[in-house]
Amino acid sequence: MKNTFIYIVLLWSCFAFSQNEQLAQYYYDKGDFEKAKISYEELLKGSPSNTQYFLRTVESYQQLQQFEAAQKMILERYNRYKQGVLLVESGYNYQLQKNESKAKNYYDQAIEKIKTNPNDVYGIANSFEKKVLLEYALKAYQTAMQVQPNYNFNFQIGMLYGQLGKTDLMIDLLLTESFTNPQNSNLIQTQLARFMNGETDNTAFKDAMRKALILRTQKDQDVFWNHYLSWFYVQQKEFGKAFIQEKAIYKREPESLISIVNLSQFALNEDDIETATEILNFILLNTKDLDLLVQSNAQLMEIKIDKTTEKDYPAINTELEHLLTTYEITPFTLSLQLIQAHFLAFNLKKTEEAKTIVKKALELNLNEYQKADAKMELADILLLEEKFNQALIYYSQIQLDLKNDVMSHEASLKAAKTSYFKTDFEWALKQFKELKSANTQLIANDALEYFLLINDNTVADSTQTALKQFAKGDFLLYQNKKPEAIAQFQGILKNFKGQEIEAVTMLRLGKIYESLKDYNLALSQYQQVIDHHSDGIYVDEALFFSAEIYNDELKDTEKAKPLYEKVIFNHQDSIYFVDARKKYRELRGDKNL
């Protein structure tokens, strides 16, 4: 009983102490420094050695301009503990009073303390950095390394050089450190990437990095520098130049193609199809690994199908059959089997043949993810045939089999779209609402788009007449029936002129015309959104899509630049804001091309 009572008292004391700490922090964050000072003084009495309470008390005194009281506290603590960091605090207290000579005196004492006790560098340098006394922090690290040569603060010194604007010194030191201690390379590259991709104009930094790396590659034949230069080019999304470095590496180290395979994926992800194709063909010529051969061929086929026209369909079909004959029907070639099925269904309109291929694939000894891939393709084909309920069954199976997986979220999104296509808007809306918070950004963005589409047009028209017509147009697009989809959307513009559905319909038509490479018609649709729906939720997309056409397709950068600028300054909440800012900087000359 006595032990229980003691336990309760201790528990209550801890709880009360925690509450007092939160209250003190609350006053401090709120800027009520008088109350914060009193609260932290009380806490400090209970825990005299607590550094956080001490510093908060001193800072509260300083905020109240009670510098003498702060100085007294600091010196009393220094006399008791002899911590070098307290010399920095004392100097800073004088700096706040604009007494530079006394501040310098204490800062110099702190540096001298490192000479007698190098271990003090950690607290002293950290305190200088927190107070943005970067030159002193630099001196602290350099002093420690002079006194104790075994210490290595090259990374910290390099970062301070960068913050001080001494970028050449930063780059030289960090590259040397990377080479000397390769285990630190990832950390260093992360920080270098931050400088290259920062908010400010960083052209000079990128230029200095490029020159430094090329110079080291020329002076030192170590393959390490080819790897580093390849990494640099990947950061700049110059995948062709990165590939040159990777080929040089492979000639000297032909044991593995993993870096080149990864590079092909980077290029594909950034839509650099030309470089990706070149890399994939290189892989095919330099590997006998079955998985890699199948994977590379599958990706090349997807690229070809994406760019193909109807006259090329027979050749594509023949090539797919040849590949499957060569590598046979096994679990290893599932990707090729599903590409063939998709091509037969969506391009050649041979859905029965396509379903047969997928069902045979499902009879193979597949793992859970392969089964999910096959079921997803079968569901997609059933949806193409307007067999909505059957498609939903397969999407639901994937959701159950791979809960919380990215593929499960993708199946959920497709199930929601299926409900949308069949005009079951109430159920679709619920699903899209849940998917808005998906971990995968692409899925979340897609779900948000459809959620807004259904929600806004239901509010504007409770009968959902226009929305039903729009969903029909979207389904025609899914079925790869672009002429019919164009006619459907044009009919909506004619029959529902001036209504809520108008802007998004123009946007859809613009994207279809883009896919058909009719850029003038696409621009015309986007311009109508900009001119007549400038206060709507689709104007940022119209601006960005127009800018992309001018920049990437028509090579008219002078017209692209002001469109990107409007997205940046008028639509900061747009999902295209980051891309617009990046493209605008490139056009303005903020990037080495």
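The structure this text deals with has already been given above.
On a predicted model such as this, the values are computed, not experimentally measured, just so you know. (Residues numbered from 1 in each chain as written. Predicted model: local features only at pLDDT ≥ 70, side-chain atom pairs only at ≥ 80, totals over all residues. Heavy atoms only, no water.)

## Thoughts on the overall build of the chain
Okay, so step 1: Looking only at helices and strands, one finds 32 helices and zero strands in the chain.
Okay, so step 2: The globule rule puts the C-alpha radius of gyration for 593 residues at 25 Å, and the 32 Å found for the chain is more than 25% above it.
Okay, so step 3: For the chain, the spread of C-alpha atoms along the principal axes amounts to about 85 × 65 × 65 Å.
Okay, so step 4: Taking all 593 residues of the chain together, 48% fall into the buried category.
Okay, so step 5: Counting only contacts in the chain whose residues sit at least 6 apart along the sequence, the fraction spanning at least 24 positions is 50%. (Helix = DSSP H or I, 4+ residues; strand = E, 2+ residues; numbered from the N terminus. Rg over C-alpha atoms; globule rule 2.2 N^0.38 Å. Buried < 20%, exposed > 50% of the residue type's maximum accessible area, 1.4 Å probe, protein only. Contact = heavy atoms within 4.5 Å.)

## Here we look at the side chain of S296
Okay, so step 1: In this fold, S296 is placed in helix α17 (residues 290-307).
Okay, so step 2: With residues near it in sequence (within four places) discarded, S296 still touches L280, I283 and L284.

## Looking at the packing of aromatic side chains
Okay, so step 1: Applying the stated rule across the entire model yields 37 aromatic pairs.
Okay, so step 2: Look at F224 and Y228: their rings are 5.5 Å apart centre to centre, the planes differ by 45 degrees, and that puts the pair in the tilted class. Of the two residues, F224 and Y228 are both situated in helix α13 (residues 223-235); the distance of four residues between them amounts to about one turn of the helix.
Okay, so step 3: On the basis of relative accessible area, F224 is assigned to the buried category, the value being 16%.
Okay, so step 4: Against the face of Y28 rests R56, its NZ or CZ located 4.1 Å from the ring centre.
Okay, so step 5: Against the face of F545 rests K511, its NZ or CZ located 4.1 Å from the ring centre. (Phe/Tyr/Trp six-rings, centres within 6.5 Å; stacked < 30°, edge-to-face > 60°. Lys NZ or Arg CZ within 6 Å of the ring centre and 35° of its normal.)

## Describing the nonpolar core
Okay, so step 1: In terms of nonpolar packing, the biggest core is built from 89 residues, with Y420, F432, L453, F470 and I501 touching the most fellow members.
Okay, so step 2: In terms of residue count, helix α21 (residues 368-384) provides more of this core than any other element does, nine residues in total.
Okay, so step 3: Grouped together as the second largest cluster of nonpolar side chains are 84 residues, Y27, Y28, Y107 and M159 included. (Core = buried A, V, L, I, M, F, W, Y, C linked by side-chain atoms within 4.5 Å.)

## Brief notes about unusual backbone geometry
Okay, so step 1: Backbone geometry places V132, a non-glycine residue, at a positive phi of 55 degrees.
Okay, so step 2: Tracing the chain through its elements places V132 in the loop between α7 (121-130) and α8 (134-147).
Okay, so step 3: When its relative accessible area of 60% is taken as the criterion, V132 is described as exposed.
Okay, so step 4: A positive phi is found at N404, a non-glycine position, where the angle reads about 65 degrees.
Okay, so step 5: With respect to the element layout, N404 can be found in the loop between α22 (388-401) and α23 (406-421).

## So, helix α6 (residues 100-116)
Okay, so step 1: An ideal rise of 1.5 Å per residue puts 24 Å on 17 residues; α6 measures up with 25 Å between its terminal C-alpha atoms.
Okay, so step 2: Along α6, the residues classified as buried are A103, Y106, Y107, A110, I111, K113 and I114. The buried residues of α6 all sit within an arc of 150 degrees when viewed along its axis, so they share a single face. Exposed residues lying more than 90 degrees from the buried face of α6 are S101 and T116.
Okay, so step 3: Contact partners of the buried residues in α6: α4 (67-81), α5 (85-96), α7 and α8. (Expected span 1.5 Å × (residues − 1). Arc of directions from axis to C-beta.)

## Looking at the environment of L86
Okay, so step 1: Along the chain, L86 turns up in helix α5.
Okay, so step 2: Residue classification places L86 among the buried residues on the basis of a relative accessible area of 3%.
Okay, so step 3: When the C-alpha positions of L86 and L521 are compared, they lie 70 Å apart, and in sequence the two are 435 residues distant.
Okay, so step 4: When near neighbours in sequence (up to four residues on either side) are disregarded, L86 contacts F54, I74, R77 and Y78.

## Describing the environment of N105
Okay, so step 1: Along the chain, N105 turns up in helix α6.
Okay, so step 2: Residues N105 and F33, 72 residues apart in the sequence, show an inter-C-alpha distance of 28 Å.

## Observations regarding the side chain of K375
Okay, so step 1: Among the structural elements, K375 can be located in helix α21.
Okay, so step 2: Those residues in contact with K375 that sit more than four places away from it in its chain are L362, Y394, Q397, I398 and D401.

## Focus on empty space enclosed by the protein
Okay, so step 1: Going through the model one piece at a time under the given rule, you end up with one cavity of 30 Å³ or more.
Okay, so step 2: The volume enclosed by the largest cavity comes to roughly 30 Å³.
Okay, so step 3: In this structure, the largest cavity is lined by E368, K371, A372, K375, I398, D401 and L402.
Okay, so step 4: Secondary-structure elements contributing two or more residues to the lining of the largest cavity are α21 and α22. (1 Å grid on protein atoms, 1.4 Å probe; cavity = no way out; pocket = protein on both sides within 12 Å on 5 of 7 lines; lining within 4 Å. Points joined across faces, edges and corners; volume = space filled by probe spheres on them.)

## Quick notes on the pattern of salt bridges
Side chains that differ in charge, positive against negative, can pair when their charged atoms come close.
Okay, so step 1: A complete count under the given rule lists 28 salt bridges for this structure.
Okay, so step 2: E238 is the partner of K241 in a salt bridge, and the nearest nitrogen-oxygen pair spans 3.5 Å.
Okay, so step 3: Put simply, E352, K355, E385 and K387 are held in one network by salt bridges that share partners. (Salt bridge = Lys/Arg side-chain N within 4 Å of Asp/Glu carboxyl O.)

## Considerations on the layout of surface pockets
Okay, so step 1: Of the volumes computed, that of the second largest pocket is approximately 350 Å³.
Okay, so step 2: Around the second largest pocket, the lining comprises 18 residues; the ones closest to its centre are L55, E59, E89, K130 and K131.
Okay, so step 3: When residues of the lining of the second largest pocket are traced back to their parent elements, those giving at least two are α3 (51-63), α5 and α7.
Okay, so step 4: Residues belonging to the lining of the second largest pocket are distributed by class as follows: five nonpolar, seven polar and six charged. (Nonpolar A, V, L, I, M, F, W, Y, C, P; charged D, E, K, R; others polar.)

## Describing helix α27 (residues 482-495)
Three- or four-residue spacings in an α-helix give side chains the same orientation, since the helix completes a turn every 3.6 residues.
Okay, so step 1: Along its 14 residues, α27 runs 20 Å from first to last C-alpha, staying within 8% of the 20 Å computed at 1.5 Å per residue.
Okay, so step 2: Burial in α27 covers these residues: A485, I486, Q488, F489, I492 and L493. Down the axis of α27, the smallest arc covering the buried residues is 165 degrees, so these residues share one side. With respect to the buried face of α27, the exposed residues turned more than 90 degrees away are P483, K494 and N495.
Okay, so step 3: In this structure, the buried side of α27 is in contact with α26 (465-478), α28 (502-515) and α29 (519-532).

## Here we look at the packing of helix α20 (residues 351-362) against α21
Okay, so step 1: The interhelical angle for the contact between α20 and α21, taken along N-to-C directions, is 160 degrees, at an axis separation of 10 Å. With respect to α21, the element α20 is oriented roughly antiparallel. The crossing of α20 and α21 is left-handed. Here T351, A354, K355, V358, K359 and L362 of α20 come into contact with α21, specifically with K371, A374, K375, E377, L378, I381, L382 and L384.
Okay, so step 2: A class-by-class count of the residues in the contact of α20 with α21 yields eight nonpolar, one polar and five charged. (Axes fitted to C-alpha atoms, helices over the stretch in contact; angles between N-to-C directions. Parallel < 35°, antiparallel > 145°, perpendicular 65-115°, else oblique. Left-handed = near helix turned anticlockwise from the far one by under 90°.)

## Quick word on the environment of G162
Okay, so step 1: Here G162 shows up in helix α9 (residues 154-163).
Okay, so step 2: Residue class for G162 comes out buried when judged on its relative accessible area of 9%.
Okay, so step 3: Taking the C-alpha atoms as reference points, G162 and F232, 70 residues apart in sequence, are found 18 Å from one another.
Okay, so step 4: Setting aside chain neighbours within four positions, we find G162 in contact with M170 and F195.

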